[in-house]
Amino acid sequence: QVQLVESGGGLVQAGGSLKLSCAASGIIFSIKAMGWYRQAPGEQRELVALITSGDNTNYPDSVKGRFTISRDTAKNAVYLQMNSLKPEDTAVYYCYCNARPSVLSRFNDYWGQGTQVTVSS
């Protein structure tokens, strides 16, 4: 089983910055991708940023140019640098990981518990 622990959420004024961190622990043989999703009240969970084992990244247009995802493979960690934050970025941010515990296992999706990001206007 893989556990994801997030940190770095909080309250920030519009135009400010925050950095989220997430570390994966447990029995991990390999990670195919890690990333961040967010969910605002009454909304569906949406992709914020994704990075693959080959360092390919994916961002929706709503955050492109403002958010940057990075990873530390030695620590099984992923980070999200968020700049120029807007009130519409307010949501619970969830860490995501697609990993497998052994070479014989299939890849599974894992989620963190979520961290609140609130951007005031």
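Structure first, text after, so check above.
Residues numbered from 1 in each chain as written. Predicted model: local features only at pLDDT ≥ 70, side-chain atom pairs only at ≥ 80, totals over all residues. Heavy atoms only, no water.

Asks: Quick question: what am I supposed to make of the nonpolar core here?
Replies: Considering soluble globular proteins, one finds that nonpolar side chains tend to be buried as a cluster. By size, the foremost hydrophobic cluster in this structure holds 29 residues, and its most contacted members are Leu4, Trp36, Leu80, Met82 and Tyr93. Those elements giving two or more residues to this core turn out to be β1 (2-7), β3 (18-26), β4 (30-39), β5 (46-52), β7 (67-72), β8 (77-82), β9 (91-100) and β11 (115-120). With five residues, β9 is the largest single contributor of residues to this core. In this structure Leu80 touches Leu18, Lys19, Leu20, Trp36, Val48, Ala49, Phe67, Thr68, Ile69 and Tyr93, once residues within four positions along its chain are discounted. (Core = buried A, V, L, I, M, F, W, Y, C linked by side-chain atoms within 4.5 Å. Buried < 20%, exposed > 50% of the residue type's maximum accessible area, 1.4 Å probe, protein only. Helix = DSSP H or I, 4+ residues; strand = E, 2+ residues; numbered from the N terminus. Contact = heavy atoms within 4.5 Å.)

Asks: Even after reading the chapter, I still don't get the sheet that holds β3, so can you show me in this structure?
Replies: One key point about sheets: their strands pair by backbone hydrogen bonds, in either a parallel or an antiparallel sense. With respect to topology, four strands assemble into an open sheet ordered β1-β3-β8-β7, the strand pairing being antiparallel. The two strands at the open ends of the sheet, each matched to only one other strand, are β1 and β7. The average undirected angle you get between the axes of adjacent strands in this sheet is 15°. Note that β1 and β3 share six bridges and pair antiparallel. Bridge pairing in β3 links Val5 to Ala23. (Pairing = 2+ DSSP bridges. Axes fitted to C-alpha atoms, helices over the stretch in contact; angles between N-to-C directions.)

Asks: Could you clarify how one ought to interpret the pattern of salt bridges in this entry?
Replies: Proximity of charged atoms lets side chains of opposite charge pair with each other. Scanning the model with the defined rule gives five salt bridges in all. Here Asp55 and Arg71 are joined by a salt bridge, their closest N and O atoms 2.7 Å apart. Within this pair, whereas Asp55 is found in the loop between β5 and β6 (57-58), its partner Arg71 is found in strand β7, the two being separated by 16 residues in sequence. Note that Arg66 and Asp89 form a salt bridge whose closest N and O atoms lie 2.8 Å from each other. With Arg66 in the loop between β6 and β7 and Asp89 in the loop between β8 and β9, the pair connects residues that are 23 residues apart, well separated along the chain. (Salt bridge = Lys/Arg side-chain N within 4 Å of Asp/Glu carboxyl O.)

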